[in-house]
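Chain and residue survey
Here is what each chain is made of, one letter per residue.
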Amino acid sequence: STSDGVIIYLDNIPPTKPVITLPITLSNTSSLTVTGIKESASFIEINGNTANIQTGSDTFSKYFIQPEGTTLYAIVSFDKFGNRSETSYISITVDLTPPAKPLVIFASPTNDSIQLISGTVELNAALSINGDTSQVLIFLNNWQYQAVLNEGYNTFTVSAKDAAGNVNDTIFAIFLDTIPPDK
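Overview of the structure. Here the structure is a predicted model, which is why all the values come from computation and not from measurement.

Now for the pattern of salt bridges. Applying the stated criterion across every chain, the model contains one salt bridge. Two residues, Arg 84 and Glu 45, come together in a salt bridge whose shortest N-O distance is 2.7 Å. Within this pair, whereas Arg 84 is found in the loop between strand 7 (69-78) and strand 8 (88-94), its partner Glu 45 is found in strand 4 (residues 43-46), the two being separated by 39 residues in sequence. On the basis of relative accessible area, Arg 84 is assigned to the partly exposed category, the value being 42%.

Okay, here's the thing in structure tokens:
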């Protein structure tokens, strides 16, 4: 007599923890894609949801529209038997708000071709004048810049840029007049 046997496989080994490859944790756009590496033949769940996650044999990605603020993403890999990996986390902050406009103090018109321009900028914002950051002196939120003026109107763009990359500009002109009036 022959006996038909039943083979039962017991798999209680969870997949490896997913690796998040998204290098960004601060963004000035609400359109984000979280990407990573997963164990082959496993599935991905992000914040308890498996919808719209694109997967390759060992990769995953998910497109999000994230509102302004900070969102924590919890990413878990699971296999067909329901075994779940350890959770990987990434916290992403969306900052859509530009810094305050830089305050600018200057004299115009002037007959002095060397002009000290100064003002204030939002704390922790980078500052550039006409795209140049190398000649700007900043202490806390106070700044100054020495400009060499040409005869006539000299236009300046002072740009404040926050850590997320949001920019706010102040544009102004200084008029240099070194030509004495007719007698």
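Another aspect to go through is the sheet that holds strand 5 (residues 54-55). Within the open sheet, the four strands sit side by side as 1-3-6-5. Their pairing is antiparallel. Two strands lie at the open edges of the sheet, namely strand 1 (19-20) and strand 5, each paired on one side alone. Pairing analysis gives seven bridges linking strand 3 (residues 31-37) to strand 6 (residues 59-65), with the strands arranged antiparallel. Among the inter-strand pairings, Val 34 is bridged to a residue of strand 6, identified as Lys 62.

As enumerated under the stated definition, the model contains five aromatic pairs in all. Their ring planes at 45 degrees and their centres at 4.6 Å tell us that Phe 64 and Tyr 73 sit as a pair that is tilted. Overall, the relative accessible area of 15% leaves Phe 64 in the buried class. Taken together, Phe 106, Phe 156 and Phe 172 form an aromatic cluster joined through their ring pairs. The ring of Phe 64 carries Lys 62 above its face, with NZ or CZ at 5.3 Å from the centroid.

This brings us to the pairing of strand 7. By the bridge criterion, four bridges tie strand 4 to strand 7 in an arrangement that is antiparallel. The residue of strand 7 that forms the bridge with Phe 43 is Phe 78. As paired strands, strand 7 and strand 8 are joined by seven bridges and run antiparallel to one another. Its bridge partner being in strand 8, Gly 69 is matched across the sheet by Val 94.

Definitions and cut-offs
- Counting restarts for each chain: residues are numbered from 1 in the order of the written sequence.
- Owing to the predicted nature of the model, reporting of local features is limited to residues with pLDDT of at least 70; listing and counting of side-chain atom pairs is limited to 80 or more, with chain, interface and lining totals taken over all residues.
- The side-chain quantities take in all heavy atoms of the structure and omit both hydrogens and water.
- The term salt bridge refers to a pairing of a side-chain nitrogen on Lys or Arg with a carboxyl oxygen on Asp or Glu at a separation within 4 Å.
- Each helix is a run of H or I in the DSSP string that is no shorter than four residues. Each strand is a run of E no shorter than two, and both are numbered from the N terminus.
- Only protein chains enter the accessibility calculation, which uses a 1.4 Å probe. A residue is then buried if its area is under 20% of the maximum for its type, exposed if over 50%, and partly exposed in between.
- Here the rule is simple: two strands pair whenever DSSP picks up at least two bridges between them.
- Classification of ring pairs rests on two measures: the distance between centres of Phe, Tyr or Trp rings, Trp counted by its six-membered ring, which must be within 6.5 Å, and the angle between planes, read as stacked under 30 degrees, edge-to-face over 60 and tilted in between.
- We call a charge positioned above a ring when the Lys NZ or Arg CZ atom is no farther than 6 Å from the ring centre and deviates by at most 35 degrees from the ring normal.

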